[in-house]
Amino acid sequence: MDYFSYQNDSLFAEDCDVAKLAKTHGTPLYIYSRATLERHWHAFNNAVADHPHLICYAVKANSNLAVLNVLARLGSGFDIVSGGELSRVLQAGGDPKKVVFSGVGKTVAEMEQALNIGIYCFNVESSAELEQLNDVAGRLGKVAPVSLRINPDVDAGTHPYISTGLKENKFGIAMDEADTVFARAAELAHLHVKGVDCHIGSQLTEIKPFLDAMDRMLALIDRLGEQGIKIEHFDVGGGLGVTYNSETPPHPDKYAAALLDRLNGRKLTLIFEPGRAIAANAGIFVTQVLYLKENSDKRFAIVDGAMNDLIRPALYSAWQNIIPVQQNDAPTFAYDIVGPVCETGDFLGKDRQLTVKAGDLLAVRSSGAYGFVMASNYNSRPRVAEIMVDGSDDFVVRQRETLQQLWQGEYLLP
Ligand SMILES: Cc1ncc(COP(=O)(O)O)c(C=O)c1O
Ligand SMILES: N[C@@H](CCCC[NH3+])C(=O)O
């Protein structure tokens, strides 16, 4: 079931006419579907329903308060990477007791904030961070719950910029140091060792790399058990891919079944940190064609949305489907869909077969994850509005930025 589909040639988001939303709220515009977010979260939660688990949505994928609130209402936990994300989770009604804190560069202030609030676990990524966290917890008279993020050195088979589980990547503690760092963690007075975690990359479309990583992590967990270090949970990270084009990532059911099979009866709570798999296909980015331009080689559709609004195509050459908001049968031509930003890399798609004219609306699909959250004000472009649809209702969940907001906090010299 696709909550973004055509009714009489007009694109709908659930029961809302996308063209009408664009007219009411202007373009460019992000539109999210509540039903899709909920379905994707339940897909994970149901997949492990019979096993102790926690689904910690990766806030970085889409941190709009309404998105977090929809998931918090389902009982979701959250994977955060900053004090800012922790504050957002609280603001959205999320339960701090279900928060795991990842990231290679947690500051003392962020550690203090999370310890004072009382989160589920810190995912510690280096020896230096471990010592720092122990000191901070001691100073506050607290015991920090910790999991060590281990870099299993497996190839996730994804884009190099979003691969995180190789030795050459900055993430996690190297596997060959893991036993020593765990032993150190176990003897530090202000830490309580709870778990082991890994996250090998994003947009994985095969189960095998996950299982390769899991085998190495389970071997570590078994060794730690023999040393008397009891591990309560295994956090498998996020990374499950989505269909942007023709990828066929496993359904969470299949993915979880394979992991549970590998657990082989071990009594470990499983933690999942899905971001993209929950949010990407729950959102579209709507943009309007400003001008058509052609030369002897190329046709361009110049649209009002740009790389500052949706950077994935420019940054990773990511392919996202671009579809008309109003379908028709007229002949199609190959267009590069480009934005107004002064960069050659400013494109949303290249060589797309479309029928378009100035004024038409286009929707870039799969834009709910790593879309708005990566937006910038480059070229002094205000960040766009975000809408959430729920059946036939639509809600502004973030207002379009104003020009005044752009230079708020900037000052002229006296
Ligand atoms: C530690 C951690 N957990 C979870 C995620 C979410 O990843 P994804 O959106 O691919 O599920 C990321 C980002 O890759 C991450 O770095
Ligand atoms: N921003 C990336 C994913 C990064 C994953 C974060 N650890 C993307 O759009 O694909």
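Everything numeric here is computed off the predicted structure, so don't read it as measured data.

Undergrad: Kindly report on the overall build of the protein, identifying the contributing residues and their values.
TA: If you tally the helices and strands in the protein, you get 12 helices and 21 strands. Its C-alpha atoms give the protein a radius of gyration of 23 Å, within 12% of the compact-globule value 22 Å for 414 residues. Its C-alpha atoms put the protein at 70 × 60 × 40 Å along the principal axes. Burial analysis of the protein (414 residues in total) assigns 47% to the buried set. Here the contacts in the protein between residues at least 6 apart in sequence split such that 70% fall between residues at least 24 apart.

Undergrad: Residues and numbers for the site of ligand 1, please.
TA: Taken together, 15 residues lie near ligand 1, and Ala58, Ser202, Gly238, Gly275 and Arg276 sit nearest. When the residues that make up the shell around ligand 1 are grouped by side-chain class, the tally is five nonpolar, seven polar and three charged.

Undergrad: Break down the UniProt feature "binding site: pyridoxal 5'-phosphate" (unreviewed entry) in the protein for me, with residues and values.
TA: UniProt's feature table lists "binding site: pyridoxal 5'-phosphate" (unreviewed entry) at Gly239, Glu273, Pro274, Gly275, Arg276 and Tyr370, given in the numbering used throughout. On the secondary structure map, Gly275 appears in the loop between β13 (269-272) and α10 (276-279). Residue Gly275 is classed as buried on the basis of its 24 C-beta neighbours within 10 Å. Secondary-structure assignment places Tyr370 in the loop between β19 (361-364) and β20 (385-390).

Undergrad: How would you sum up the domain arrangement of the protein? Please name residues and give values.
TA: According to the domain assignment, the protein contains domain 1 (4-32 + 280-407) and domain 2 (34-278). Look at where the C-alpha atoms of domain 1 and domain 2 centre, and you get two points 32 Å apart. The interface of domain 1 with domain 2 comprises 22 residues on the first partner and 20 residues on the second. Elements with a contribution of two residues or more to the side of domain 1 that touches domain 2: β20 and β21 (393-398). A per-element tally of the side of domain 1 that touches domain 2 places β20 first, with four residues.

Undergrad: Let's hear about the pairing of β20: which residues, and what values?
TA: With five of six residues buried, β20 lies mostly within the body of the structure. Bridge count for strand β4 (residues 29-33) against β20 is five bridges, and the pairing is parallel. Across the sheet, residue Ile31 finds its bridge partner in β20, namely Ile387. For β20 and β21, the ladder comprises five bridges, and the chain directions are antiparallel. Residue Val389 lies in a different strand from β21, and its bridge partner there is Asp394. What sits between the antiparallel neighbours β20 and β21 is a turn of two residues, in which Gly391 has the positive phi angle 65°.

Undergrad: Describe unusual backbone geometry, naming the residues involved and giving the relevant values.
TA: For the peptide bond that leads from Thr27 to Pro28, omega is -10°, which places it in the cis range. Turning to its location among the elements, Pro28 is positioned in the loop between α1 (18-25) and β4. Although it is not a glycine, Asn8 adopts a positive phi angle of roughly 45°. Within the element layout of this structure, Asn8 appears in the loop between β1 (4-7) and β2 (10-13). A positive phi is found at Asn379, a non-glycine position, where the angle reads about 65°. As for its position among the elements, Asn379 is in the loop between β19 and β20.

Undergrad: Any chance you could break down helix α9 (residues 252-263) for me, citing the residues and the numbers?
TA: Over its 12 residues, α9 extends 16 Å from the first C-alpha to the last, a length consistent with the 16 Å expected when each residue adds 1.5 Å. Buried within α9 we find Pro252, Tyr255, Ala256 and Leu259. Each buried residue of α9 sits inside an arc of 90° when the element is viewed along its axis, so together they form one side. Away from its buried face, by an angle of more than 90 degrees, α9 presents the exposed residues Lys254 and Asp261. Summarising the contacts, the buried residues of α9 are in contact with α2 (34-47), α8 (208-226), β13 and α10. In the stretch just after α9, Asn264 is the one whose phi turns positive, near 55°.

Undergrad: Describe helix α4 (residues 83-91), and please don't skip the residues or the numbers.
TA: Along α4, the residues that are buried comprise Glu85, Leu86 and Val89. For α4, the arc enclosing every buried residue in end-on projection is 105°, short of the 170-degree limit, so these residues lie on one face. Of the surrounding secondary structure, the elements contacted by the buried residues of α4 are α3 (65-73), β6 (77-80), β7 (99-101) and α5 (108-117). Remark: Gly93 follows α4 within two positions and exhibits a positive phi of approximately 85°.

Undergrad: So what's going on with the packing of α8 against α9? Residues and values would help.
TA: The N-to-C vectors of α8 and α9 enclose an angle of 25°; their axes lie 10 Å apart at closest approach. When the interaxial angle is binned, α8 and α9 end up roughly parallel. Remark: the crossing between α8 and α9 carries right-handed chirality. Residue-level inspection shows Phe210, Leu211, Met214, Asp215 and Leu218 of α8 in contact with α9, the latter providing Tyr255, Ala258, Leu259 and Arg262.

Undergrad: Describe the nonpolar core, naming the residues involved and giving the relevant values.
TA: Note on soluble globular proteins: their nonpolar side chains tend to be buried together. One finds Ala13, Val18, Ile31, Leu133, Val146 and Val286 to be the most contacted residues of the largest nonpolar core, which totals 117 residues. The leading source of residues in this core is α8, at seven residues. Taken domain by domain, this core gets at least three of its residues from each of domain 1 (4-32 + 280-407) and domain 2 (34-278).

Thresholds applied
- Residues numbered from 1 in each chain as written.
- Chains lettered and ligands numbered in written order.
- Predicted model: local features only at pLDDT ≥ 70, side-chain atom pairs only at ≥ 80, totals over all residues.
- Helix = DSSP H or I, 4+ residues; strand = E, 2+ residues; numbered from the N terminus.
- Rg over C-alpha atoms; globule rule 2.2 N^0.38 Å.
- Buried ≥ 20, exposed ≤ 12 C-beta atoms within 10 Å, placed from the backbone.
- Contact = placed C-beta atoms within 7 Å.
- Near = placed C-beta within 6 Å.
- Nonpolar A, V, L, I, M, F, W, Y, C, P; charged D, E, K, R; others polar.
- UniProt positions renumbered as here; feature names shortened; annotations may be inferred.
- Domains from an automatic or database assignment.
- Pairing = 2+ DSSP bridges.
- Expected span 1.5 Å × (residues − 1).
- Arc of directions from axis to C-beta.
- Axes fitted to C-alpha atoms, helices over the stretch in contact; angles between N-to-C directions.
- Parallel < 35°, antiparallel > 145°, perpendicular 65-115°, else oblique.
- Left-handed = near helix turned anticlockwise from the far one by under 90°.
- Core = buried A, V, L, I, M, F, W, Y, C linked by C-beta atoms within 7 Å.

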